[in-house]
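For reference, the chains in residue letters:
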Amino acid sequence: MKITILAILLILSIYQFENVQSFSFKVSAKVEECIYEEIGMDVSFTAMFQVTQGGFNDIDVTILSPDKRVIYQGQRETEGTKTLRSSQAGLYSFCFSNKMSSLTDKMVSFLVSVGESSPLREVAKKGDISPIERSIMILSDGVNAVKNEQTYFKLREIEHRNTAESTNSRVLWWSIFEAFVLVTMSIWQIYYLRRFFEVKRAV
């Protein structure tokens, strides 16, 4: 019976007490876009981002605390994973600036995973826990880490797919341009040779 309760707590700790949001958005040239997330006091959170399309796939990143204090700042980054712990409760800002670009828009994939207190954590705070309970806590942390890694690899796959599609498009247009040049040169050569022989016959 005790093992069954622990299993239920494990499932809850994995699927209910980890707030994960993932989405993609466009950051226009000379614009800064911010994502806001409500985070409690003394909570671990992980932010993952990746520029999947646009220019050199780089962007400026800033993470702000509720009192507008800069907790992290990076320039011209293509991707990153930042794991931090909140020092106060409130609305945290994750800002992506494309002000360095005058023409090119950027596509950014972003994920924020906010950990919360699970029943197992509350049990651990009250006193000693058994080896099985400790193993379940470690397993819960491991599963959440695997989920974050899967999301990270998904972002990488999106970037690689966009790169492949962009390369295929460029190759297609270059092939069309080459074919146009070859056809044009062939027509010009035929016209030139015909004019040459017509002049010879006239002489």
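Residues numbered from 1 in each chain as written. Predicted model: local features only at pLDDT ≥ 70, side-chain atom pairs only at ≥ 80, totals over all residues. Heavy atoms only, no water.

Test applied: UniProt positions are given in the numbering used here, feature names are shortened, and annotations may be inferred rather than shown by experiment.
Looking at an unreviewed UniProt entry, one finds the protein chain named Emp24/gp25L/p24 family protein and attributed to Tieghemostelium lacteum. In its Sequence similarities (unreviewed entry) section, the UniProt record describing the protein chain reads: "Belongs to the EMP24/GP25L family."

**Quick look at the overall build of the protein chain**
Cut-off, in case you're wondering: Strands are runs of DSSP state E lasting at least two residues, helices are runs of H or I lasting at least four, and both sets are numbered from the N terminus onward. Relative accessibility thresholds used throughout: buried, under 20% of the residue-type maximum; exposed, over 50%; partly exposed, between the two (1.4 Å probe, protein chains only). Note on areas: these come from Shrake-Rupley sampling with a 1.4 Å probe, and a residue is covered only by the protein chains present in the view.
In terms of helices and strands, the protein chain carries three helices and eight strands. Starting at the N terminus and walking to the C terminus, you meet the elements of the protein chain as α-β-β-β-β-β-β-β-β-α-α. Burial status across the protein chain gives 34% buried among its 203 residues. Carbon and sulfur atoms make up 60% of the accessible area of the protein chain, which totals about 13,300 Å².

**A word on the packing of aromatic side chains**
The relation between two aromatic rings is expressed through the spacing of the ring centres and the mutual angle of the planes. Put simply, the rule is: Each aromatic pair joins two rings of Phe, Tyr and Trp (for Trp, the six-membered one) with centres within 6.5 Å, and gets the label stacked for planes under 30 degrees apart, edge-to-face for over 60, and tilted for any other angle.
Under the definition given, this model contains eight aromatic pairs. Ring geometry for Phe 49 versus Phe 96: centroids 5.8 Å apart, planes at 65 degrees, classification edge-to-face. Of the two residues, Phe 49 is situated in strand β3 (residues 44–53) and Phe 96 in strand β7 (residues 90–97); the sequence distance between them amounts to 47 residues. The residues Phe 49 and Phe 96 share a single accessibility class, namely buried. Ring geometry for Trp 174 and Phe 177: centres 5.5 Å apart, planes at 35 degrees, overall tilted. Pair noted here: Trp 174 and Phe 177 are both in helix α3 (residues 131–202), with a separation of three residues, about one helical turn.

**So, the UniProt feature "transmembrane region" (unreviewed entry) in the protein chain**
Those places that UniProt annotates as "transmembrane region" (unreviewed entry) correspond, in this numbering, to residues 171–193. With 100% helix and 0% strand, the stretch residues 171–193 has end C-alpha atoms that lie 33 Å from each other.

**Section: the state of the cysteines**
Quick reminder of the rule: Any pair of cysteine sulfurs within 2.5 Å is marked as a disulfide.
On inspection of all chains with the given rule, the structure shows one disulfide. Residue Cys 34 pairs covalently with Cys 95 via a disulfide, S to S 2.1 Å. When the S-S torsion is 110 degrees, as for the bridge of Cys 34 with Cys 95, the disulfide is right-handed. Of this pair, Cys 34 sits in strand β2 (residues 32–39) while Cys 95 sits in strand β7, placing them 61 residues apart in sequence. Judged by its relative accessible area of 23%, Cys 34 falls in the partly exposed class. When its relative accessible area of 6% is taken as the criterion, Cys 95 is described as buried.

**Notes on the pattern of salt bridges**
Heads up, the rule is: Just to be clear on terms, a salt bridge is a Lys or Arg side-chain nitrogen sitting within 4 Å of an Asp or Glu carboxyl oxygen.
Scanning the model with the defined rule gives five salt bridges in all. A salt bridge links Asp 58 to Arg 76, with the shortest nitrogen-to-oxygen separation between them at 3.1 Å. Of this pair, Asp 58 sits in the loop between β3 and β4 (59–64) while Arg 76 is found in strand β5 (residues 70–77), placing the two residues 18 residues apart along the sequence. Accessibility expressed as a relative area gives 8% for Asp 58, which makes it buried. Overall, the relative accessible area of 51% leaves Arg 76 in the exposed class. The residue Arg 161 makes a salt bridge to Glu 157 at a minimum N-O spacing of 2.9 Å. Taken together, the residues Arg 161 and Glu 157, both in helix α3 and four residues apart, mark about one turn of the helix. Overall, Glu 157 belongs to the partly exposed group, its relative accessible area being 41%. In the salt-bridge network here, residues are joined through shared partners; they are Asp 58, Arg 76 and Lys 106.

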